[in-house]
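Chain by chain, the residues run as shown.
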Amino acid sequence: MAFFKKSTSLNVSVEKLFAYHARPGVFERLAPPWEQIEIVKKHGGIENDATLVFRIKKGPIWIFWEARHRDFVDGSQFCDVQVRGPFAAWSHLHRFERIDNRRSNLVDHVEYKLPIGMLGAWLGNRPTQRMLERMFQFRHQRTRNDLMRHDQFNHLGTKRIAITGANGLVGRALTAFLTSRSTRCP
């Protein structure tokens, strides 16, 4: 098994950080814009036994990925494990660590095994590590920016918003952002 770990300190309470990750629309917000990802089916949120099936376009083909959540500890962590997908094995632990009342660490720890055994590891580990670094750099920055923007807009309260073109590139991103803000942070 290979692993990847990314940790980022954020100027936000651990409660707000965890609550953000539990909201609808956050998976879509954290999907890198250079990846073509579509959700096929979703059952539950981040709690134990919740599932998410999505597909990713790689070249001309779509690859299906089914993830099941486990190891949920309210306010502290959750894990998604690949049930089926492109990896021989995949486990992604999301941890949220308190630094103090206003700061926290966002920690993503991924353990994975590439397909086709030793040959897959030899050929694919370095590109996979680069892909994960780029993806989690984006995800952590997006998390930081979203939480900052949510704080800026909290004074507006709850609004009902109609979005024309909600299925387009910009509309999907705006819908996910607004949905991820729909429940106020603690």
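A brief look at the structure comes next. Owing to the predicted nature of the structure, the values given are computational and were not obtained by experimental measurement. (Residues numbered from 1 in each chain as written. Predicted model: local features only at pLDDT ≥ 70, side-chain atom pairs only at ≥ 80, totals over all residues. Heavy atoms only, no water.)

What to know about unusual backbone geometry
The phi angle at Asp71 is positive, at roughly 55 degrees, despite the residue not being glycine. Tracing the backbone through its elements, the reader meets Asp71 in strand β4 (residues 61-73). Here the phi dihedral of Ile116 falls at roughly 60 degrees; this positive angle occurs in a residue that is not glycine. With respect to the helices, strands and loops of the structure, Ile116 is situated in the loop between β7 (104-113) and α3 (117-153). (Helix = DSSP H or I, 4+ residues; strand = E, 2+ residues; numbered from the N terminus.)

Section: the packing of aromatic side chains
One pass over the full model with this rule turns up 11 aromatic pairs. Where Trp34 meets Phe138, the ring centres are 5.6 Å apart and the plane angle is 70 degrees; that geometry is what we call edge-to-face. Of the two residues, Trp34 sits in the loop between α2 (26-30) and β2 (36-43) while Phe138 sits in helix α3, which places them 104 residues apart along the sequence. According to the relative accessible area criterion, Trp34 is partly exposed, its value standing at 35%. Sitting over the ring of Trp62, Arg55 keeps its end group 3.8 Å from the ring centre. Sitting above the plane of the Trp34 ring, Arg134 keeps its charged end 3.7 Å from the centroid. (Phe/Tyr/Trp six-rings, centres within 6.5 Å; stacked < 30°, edge-to-face > 60°. Buried < 20%, exposed > 50% of the residue type's maximum accessible area, 1.4 Å probe, protein only. Lys NZ or Arg CZ within 6 Å of the ring centre and 35° of its normal.)

Focus on the sheet that holds β7
Judged by pairing direction, the sheet is antiparallel, and its seven strands sit side by side in the order β1-β7-β6-β5-β4-β3-β2 without closing on themselves. With partners counted over all chains shown, the strands left at the sheet margins are β1 (2-10) and β2, one partner each. Between one strand axis and the next, the sheet turns by 20 degrees as a mean value, whatever way the strands run. In this structure, β2 lies alongside strand β3 (residues 51-58), joined through seven bridges in antiparallel fashion. Bridged to Glu38 within β3 is Arg55. In this fold helix α1 (residues 14-22) packs onto β1, β4, β5 (77-84), β6 (89-98) and β7, with an angle of close to 150 degrees to the strand it touches most, β6. (Pairing = 2+ DSSP bridges. Axes fitted to C-alpha atoms, helices over the stretch in contact; angles between N-to-C directions. Contact = heavy atoms within 4.5 Å.)

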